[in-house]
Amino acid sequence: MMQVEVVYALPDEAFIRKLMVPVGSTAEAAIEASGVLVRFPDIDLSKLKIGIFSRTVKLTQVLEPGERVEIYRPLIADPREVRKRRAEKAKSEGRADAVTGGKPNPLRAKPE
């Protein structure tokens, strides 16, 4: 037997369960044994990605002692688009240089 951990995080709560599984168990077996699928029946392992310590893996991945199996929720927004919108807003508010995108240089301020 070996100890592993199964984690599923929601915006308002986190499921963290340490459990003992037989040596040679897969990530899918550990997820099922943890009870997370009973507690959160909306989890669809065929659609969601899983990982071990932030590295995505397949459900058939054989676990090593002490590993943490993580169930990832889908992203709500594309991080690149969010950053792009934030940069455009900073430019329009004058908090960023319109050309370089960096902080405005007061020495290059336009004379009035």
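Computed from a prediction, not measured in an experiment: that's the story for all the values here. (Residues numbered from 1 in each chain as written. Predicted model: local features only at pLDDT ≥ 70, side-chain atom pairs only at ≥ 80, totals over all residues. Heavy atoms only, no water.)

## Focus on the overall build of the protein chain
- Secondary structure assignment for the protein chain yields three helices and five strands.
- Moving toward the C terminus, one meets the helices and strands of the protein chain in the order β-β-α-α-β-β-β-α.
- Every one of the 112 residues in the protein chain was classed for burial, and the buried ones make up 28%.
- If you take every contact in the protein chain between residues at least 6 apart in sequence, the share linking residues at least 24 apart comes to 40%.
- Of the accessible surface of the protein chain, which amounts to about 8,300 Å², a share of 54% is contributed by carbon and sulfur atoms. (Helix = DSSP H or I, 4+ residues; strand = E, 2+ residues; numbered from the N terminus. Buried < 20%, exposed > 50% of the residue type's maximum accessible area, 1.4 Å probe, protein only. Contact = heavy atoms within 4.5 Å. Areas by Shrake-Rupley, 256 points an atom, 1.4 Å probe, with all protein chains shown as cover.)

## Examining helix α3 (residues 79–92)
- Spanning 14 residues, α3 covers 20 Å between terminal C-alpha atoms, matching the ideal 20 Å at 1.5 Å per step.
- Phi for Gly-94, located one or two positions after α3, is positive at around 85 degrees. (Expected span 1.5 Å × (residues − 1).)

## A word on the nonpolar core
- Grouped together as the largest cluster of nonpolar side chains are 21 residues, with contacts concentrated most on Val-6, Ile-31, Val-36, Ile-43, Leu-63 and Ile-71.
- The element contributing the most residues to this core is strand β1 (residues 2–9), with four residues.
- If we ignore the near neighbours within four places in the chain, the residues touching Ile-71 are Val-6, Val-7, Tyr-8, Ile-31, Val-36, Ile-43, Leu-48, Lys-49 and Ile-50. (Core = buried A, V, L, I, M, F, W, Y, C linked by side-chain atoms within 4.5 Å.)

## Notes on the environment of Val-7
- With respect to the element layout, Val-7 can be found in strand β1.
- In this structure the C-alpha to C-alpha distance between Val-7 and Gly-51, which are 44 residues apart in sequence, comes to 9.9 Å.
- For Val-7, the residues in contact, after removing those within four places along its chain, are Phe-15, Ile-16, Arg-68, Val-69, Glu-70 and Ile-71.

## Details of the packing of aromatic side chains
- Scanning the entire structure with this criterion turns up two aromatic pairs.
- Each ring, one from Phe-15 and one from Phe-40, has its centre 6.2 Å from the other, and the planes form 85 degrees; the classification is edge-to-face. Of this pair, Phe-15 sits in strand β2 (residues 14–21) while Phe-40 sits in the loop between α2 (36–39) and β3 (50–52), and the two are 25 residues apart along the sequence. (Phe/Tyr/Trp six-rings, centres within 6.5 Å; stacked < 30°, edge-to-face > 60°.)

## Some thoughts on helix α1 (residues 27–34)
- For α1, the full list of buried residues reads Ala-27, Ala-30, Ile-31 and Ser-34. Projected onto a plane normal to the axis of α1, the buried residues spread over an arc of 100 degrees and lie on a single side.
- Close packing links the buried residues of α1 with β1, β2, α2, β3 and β5 (68–71).
- Backbone geometry just downstream of α1 places Gly-35 in the positive-phi region, at approximately 90 degrees. (Arc of directions from axis to C-beta.)

## Regarding the pairing of β2
- In this structure, β1 lies alongside β2, joined through eight bridges in antiparallel fashion. Opposite Val-4, over in β2, you have Leu-19 as the bridge partner.
- Counting the residues in the hairpin turn of β1 and β2 gives four residues. (Pairing = 2+ DSSP bridges.)

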